[in-house]
Structures are given as C-alpha cells and as structure tokens.
Amino acid sequence: MAGRFEGLSDLEWKLFEDLMPQSPEKRGRGMPHAPFRKVLNTQLYVLITGCRWCDIPRGEKWASKSSAHRWLKRWYEDGTLEKLKGRILAVAEEKGMINWEYGAVDGSFSPWQRWR
C-alpha cells in the first residue's frame, strides 16, 4: 500500500546530514550537484509512495529523477545507503518500533510461479 511523503523536516534531515559524503573542494566542469537533502527527499518519496521515477513531483524540495537515481547508485556503491539504513534501524529500535521476533516473506514476485 502506498504511503504519503511530503519531504524531510529539519529535525529528520539532521539525523542524516552527517552521513552524506563530503562534497569535493574543487568541482570540475558541469552543473553543480543537487543538494543531498533534495536527493534524499526524492528517493524516499519513491520508496514510500511506490511511484515510478518518472512520476516524482517537481518543486523546490525535490531533485530531478536522473539526479536522484544517479545518487542512489553512487550511495549504494560507496556504502552511504547502508549507513542511512543503519541509522534508520537504530532509531526505530531505540523507540521500540521493531519486533525482531517476527518476520514475514512475500513470495508473490517469485520467478518460480512463471514456470508452473
């Protein structure tokens, strides 16, 4: 079920700001990269709402789809995404929002169903 997401609040952004990679002191040619807060807003919007990359909202608190997707790939490769996930899980566990005794698996996307 799709959720609703309207962007990170200032307090929520403070949770993740220190995990973002450092910007290089001297940039090469090309356009400057989108602010990481906008990029993270866009990535979280796709994850929470379940929308397609081409359907992300436009506005001052969102990054472009290409920028958000490019940074998602970079953050996956350099470990930033794993750090973000760890921070989210740590906060959720601290607040008692995770029940580690329970687990569920959804096999509705299993490729084995196609071969029946």
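Predicted, not measured: the structure shown is a model, and the values here were computed from it.

Scoring rules and cut-offs
Residues numbered from 1 in each chain as written. Predicted model: local features only at pLDDT ≥ 70, side-chain atom pairs only at ≥ 80, totals over all residues. Heavy atoms only, no water. Core = buried A, V, L, I, M, F, W, Y, C linked by side-chain atoms within 4.5 Å. Buried < 20%, exposed > 50% of the residue type's maximum accessible area, 1.4 Å probe, protein only. Helix = DSSP H or I, 4+ residues; strand = E, 2+ residues; numbered from the N terminus. Contact = heavy atoms within 4.5 Å. Phe/Tyr/Trp six-rings, centres within 6.5 Å; stacked < 30°, edge-to-face > 60°. Salt bridge = Lys/Arg side-chain N within 4 Å of Asp/Glu carboxyl O.

Structural notes on the nonpolar core
Next, step 1: Of all hydrophobic cores here, the largest spans 20 residues; its most connected members are Leu8, Met20, Leu40, Trp75 and Leu84.
Next, step 2: Counting only elements with at least two residues in this core, the list comes to helix H1 (10–17), helix H2 (36–49) and helix H3 (65–78).
Next, step 3: The leading source of residues in this core is H2, at 6 residues.
Next, step 4: With residues up to four places along the chain from it excluded, the contact list for Leu84 reads Phe16, Leu19, Met20, Leu40 and Trp75.

Observations concerning the packing of aromatic side chains
Next, step 1: Scanning the entire structure with this criterion turns up 5 aromatic pairs.
Next, step 2: On the basis of an interplanar angle of 65° and a centroid distance of 6.3 Å, the ring pair of Phe5 and Trp62 is categorised as edge-to-face. Residue Phe5 is located in the segment before H1, and its partner Trp62 is located in the loop between H2 and H3; the two are separated by 57 residues in the primary sequence. Each member of the pair, Phe5 as well as Trp62, carries the same accessibility label: buried.

Focus: the environment of Arg58
Next, step 1: Examined against the element boundaries, Arg58 turns out to sit in the loop between H2 and H3.
Next, step 2: In this structure Arg58 comes out as exposed when scored by relative accessible area, which is 82%.
Next, step 3: Sequence spacing of Arg58 and Thr42 is 16 residues, and the spatial spacing of their C-alpha atoms is 9.5 Å.

Observations regarding the pattern of salt bridges
Next, step 1: Applying the stated criterion across every chain yields a total of 5 salt bridges.
Next, step 2: One salt bridge in this structure joins Glu6 and Arg4, with 2.1 Å as the shortest N-O distance.
Next, step 3: Here Arg4 falls in the exposed class, since its relative accessible area comes to 69%.
Next, step 4: Here Arg37 ties to Asp10 by a salt bridge, and the two come within 3.0 Å at their closest N and O atoms. With Arg37 in helix H2 and Asp10 in helix H1, this pair connects stretches of sequence that are 27 residues apart.

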